[in-house]
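One letter stands for each residue in the lines below.
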Amino acid sequence: MKFFGSNKINTGVFISGTGSNLKNLIKFSLKKNSPIKIIFVCSNNKDAKGLQYAKKYSIKKKIFEFKNHRSDENKILNYLKKNKIELLCLAGFMKILSKKFIKSYQGKIINIHPSLLPKYKGLNTHYKAIINNDKFSGCTVHYVNSKLDSGKIILQKKVKILKKDTTSSLAKKILKIEHLIYPKAINKILTNL
Ligand code: GRF
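Cut-offs and rules
Residues numbered from 1 in each chain as written. Predicted model: local features only at pLDDT ≥ 70, side-chain atom pairs only at ≥ 80, totals over all residues. Heavy atoms only, no water. Near = heavy atom within 4 Å. Polar contact = N/O pair within 3.5 Å; in protein donor to acceptor, adjacent residues only side chain to side chain. Areas by Shrake-Rupley, 256 points an atom, 1.4 Å probe, with all protein chains shown as cover. Helix = DSSP H or I, 4+ residues; strand = E, 2+ residues; numbered from the N terminus. Nonpolar A, V, L, I, M, F, W, Y, C, P; charged D, E, K, R; others polar. Salt bridge = Lys/Arg side-chain N within 4 Å of Asp/Glu carboxyl O. Buried < 20%, exposed > 50% of the residue type's maximum accessible area, 1.4 Å probe, protein only.

**So, the site of the ligand**
Phase 1 of the analysis: In the neighbourhood of the ligand, the contacting residues comprise Thr18, Gly19, Ser20, Asn21, Gly92, Ile112, His113, Pro114, Leu175 and Glu178.
Phase 2 of the analysis: Separating an oxygen atom of the ligand from a side-chain N or O atom of Ser20 is a distance of 2.6 Å.
Phase 3 of the analysis: One nitrogen or oxygen atom from the side chain of Glu178 is found 2.8 Å from an oxygen atom belonging to the ligand.
Phase 4 of the analysis: When the ligand sits alone it has 360 Å² of accessible area, and the protein chains cover 81% of it.
Phase 5 of the analysis: Elements that contribute at least two residues to the shell around the ligand include exactly helix H1 (20-29), strand S5 (109-113) and helix H6 (167-190).
Phase 6 of the analysis: Residues belonging to the shell around the ligand are distributed by class as follows: three nonpolar, six polar and one charged.

**Concerning the pattern of salt bridges**
Phase 1 of the analysis: Under the counting rule described, the total for this entry stands at five salt bridges.
Phase 2 of the analysis: One salt bridge in this structure joins Glu65 and Lys67, with 3.2 Å as the shortest N-O distance.
Phase 3 of the analysis: Judged by relative accessible area, which is 34%, Glu65 ranks as partly exposed.
Phase 4 of the analysis: Between Lys173 and Asp165 there is a salt bridge whose closest N-O contact spans 2.6 Å.
Phase 5 of the analysis: Residue Lys173 is classed as partly exposed on the basis of its relative accessible area, which comes to 26%.

Okay, structure coming up:
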């Protein structure tokens, strides 16, 4: 997938919670040279704080609670196709998408994960890094494939873990660099920047 000239790529962002990455991606998308235009926010959680950003920036939002996983995924797919959405950015999205869903968006779904993958897939990454006395942790933007947090890595950035770091101080530090690398990773796959 490549971005040419002024035709920005229609993008959907999937969230479940705070949405700081969503906010950051919206700001990035509004820059003149950004290759993406965010036209859809999907949440599985109606109380997700991040939904406020969809409202603030007048972006269409939809809530699918995934009580019926297959039927919700089909509804989302229909919506995405109808609206010519070509890139999906997962940003703190806590549902696992089915193989079928991923196949129909092969190579067009990316995710940000708060660890230096392949280390610490899944949850509690900061706790795992600290308890293992790791010297570094960080974050990774990767393509989504059918195995959890296992798709091809697009970009990674590390931070030092200090003796005084707690899971929450480390989470804060890493979130900051998430906000740096998610836009960079998007530029990397869509442009030659
Ligand atoms: C981030 O740490 C992201 O890496 C992880 O979930 C968190 C989401 O944070 N997948 P936010 O909702 O974007 O603030």
